[in-house]
Amino acid sequence: MSLSTTRIVAARVTPIAFRDPPLLNVAGVHEPWALRSIIEVETADGRVGLGESYGNLETLEHLAKIAPQLVGLDPFDLNALTRVVYGLVGNNPDTGATFAPEGDKARASALAAFEVPFLDLQGQILDRPLYQVLGGAVRPHVAYSAYLFYKFAQHKEDPGYPTDDWGEALTPAQLVQQARRMIDSYGFGSIKLKAGVFPPEEEIAGLKALRAAFPGYPLRIDPNGGWSVATTRRIMPLLAAEGLLEYLEDPVSTLEEMGEVAQFSPMPLATNMVTVAFGHIPKTVQLDAVQVILSDHHYWGGLRATQHLATLCRTFGIGISMHSNSHMGISLAAMTHVGVTLPNLSYACDTHYPWQEDEVIAGGKLSIRNGVLAPPPGPGLGVTLDRQALARLHQNYLDCGIRKRDDAKEMRKHQPDFNPQCPRF
Ligand SMILES: [Mg+2]
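What counts, and at which threshold
Residues numbered from 1 in each chain as written. Predicted model: local features only at pLDDT ≥ 70, side-chain atom pairs only at ≥ 80, totals over all residues. Heavy atoms only, no water. Donors = N, O, S within 2.8 Å, 3.2 Å for Na, K, Ca; no water. Helix = DSSP H or I, 4+ residues; strand = E, 2+ residues; numbered from the N terminus. Buried < 20%, exposed > 50% of the residue type's maximum accessible area, 1.4 Å probe, protein only. Phe/Tyr/Trp six-rings, centres within 6.5 Å; stacked < 30°, edge-to-face > 60°. Lys NZ or Arg CZ within 6 Å of the ring centre and 35° of its normal. Salt bridge = Lys/Arg side-chain N within 4 Å of Asp/Glu carboxyl O.

### A word on the coordination of the magnesium ion
Six octahedral donors around a metal ideally make angles of 90 or 180 degrees; four tetrahedral donors ideally make 109.5 degrees. Donor atoms from the polypeptide that coordinate the magnesium ion comprise Asp222 (OD), Glu249 (OE) and Asn272 (OD1), at 2.0 to 2.3 Å from the metal. In terms of primary sequence, the donors binding the magnesium ion are separated according to D-x26-E-x22-N. Pair noted here: Glu249 is in strand S10 (residues 247-249) and Asn272 is in the loop between strand S11 (269-271) and helix H9 (281-287), with a separation of 23 residues, a long-range link. With respect to class, Glu249 is no different from Asn272; both count as buried.

Okay, structure coming up:
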């Protein structure tokens, strides 16, 4: 095969919108539509590498600037991709500069959006699954957790759509019911509760109900920085009782506060909010603020960056798992391919996947069974686009009117005086 046939001839970015249930969090409630972007990178011989990223306007602008500059590149030349991205996003084009302490989420996200399709193409060209391109698997599959949310029964001002069939979850008994269904359907072996919605004592009552209904299941709670340090200190004995928690995720909202909490927390602290870039690692280590980093290839810079992060975590004795937003199967496939390559991935990863009914990949949704998912078989990511679904989901994007996620605005439809300011408790 000559190099010219595998050169990139086009890159396309298609914003999509898909239904999202009214899931509650510290910022408010999910809107009826979640936004993503689907990235296609095409070679001269007609192969298409796939990626998935955010669907907000800033991300779309960055991706639109980068896409035409990829024409002519070799999908194996990830340094060339990095140079293009650094030249167009962020304020320092030097790809070897020390990572800025304030982080570089926009640039790392733009890089990741195209790195995954490049790697998908590498796998297709080599006729190898993507995890082999990444160095091979250390496990056959990735474990995911049951991701529980407090939720309303239905969205406000949303005529024409049936309510989702999960129903309301505002009480401990309803949470247990939600967990039961999720575990019965997917076989999950650990449970995460998205918190920061109600006063902490009420949420701990929910955790206790889950503990009673699912003895032996690791539990986590994630208030998304919704608690003050003082509140966290006050309720820590309740959280620590009977080994209730496997880890405590983002109780407070800054790295310094996490460092304070770490000094009195008997359990590991996890984050996807305060340590979200390589530039944050030095201070995180200095403060010993975080014991588990919830990686996310979408904003850490891609699948190889996720592997680098895992190595850094090994270096400093920090655990690693994975964070998730509302997403489609391309993201889940990418998470799973990289997840099987990480020797120190020691926790079940988060995924919103059970909350999404729709899918953009051919063959429909990937099947999580017994709480685990193996990388889809076949070369590269192992998934292809359902073009009719892509067109339909793109039409949703054009029609839905949402261009930037705003959970607080949506929450004010239910509760007009809602204030998302943190700490809430
Ligand atoms: Mg989180």
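We are not done yet, so read on.
### Overview of the packing of aromatic side chains
One pass over the structure, following the stated rule, counts 9 aromatic pairs. Judged by centre distance (6.1 Å) and plane angle (90°), the rings of Phe149 and Trp355 are edge-to-face. Placement of the pair is Phe149 in strand S7 (residues 146-149) and Trp355 in the loop between helix H12 (329-339) and strand S14 (372-373), with a sequence separation of 206 residues. The pair formed by Phe149 and Trp355 is uniform in burial state, with each residue classed as buried. On the numbers, 4.9 Å between centres and 90° between planes, the contact of Tyr150 with Phe198 is edge-to-face. Highlighted residues: Tyr150 in the loop between S7 and helix H5 (172-186) and Phe198 in the loop between strand S8 (191-194) and helix H6 (200-213), separated in sequence by 48 residues. In textbook terms, an aromatic cluster arises when at least three aromatic residues are bridged by ring pairs, as seen for Tyr147, Phe149, Trp166 and Trp355. Over the ring of Trp33 we find Arg19, and its NZ or CZ is 4.8 Å from the ring centre. For Lys105, the ring lying beneath its charged end belongs to Tyr299, and the centroid distance is 4.9 Å.

### A word on the pattern of salt bridges
Throughout the structure, instances matching the rule amount to 20 salt bridges. In this structure, the salt-bridge partner of Lys192 is Asp222, at a minimum N-O distance of 3.3 Å. On the criterion of sequence distance, the pair formed by Lys192 in strand S8 and Asp222 in strand S9 (residues 219-222) is long-range, its members being 30 residues apart. Residue Lys192 is classed as buried on the basis of its relative accessible area, which comes to 0%. Close ionic contact of Glu249 with Lys192 constitutes a salt bridge, the shortest N to O distance being 3.0 Å. Linking Glu249 in strand S10 with Lys192 in strand S8, this pair joins segments that are 57 residues apart in sequence.

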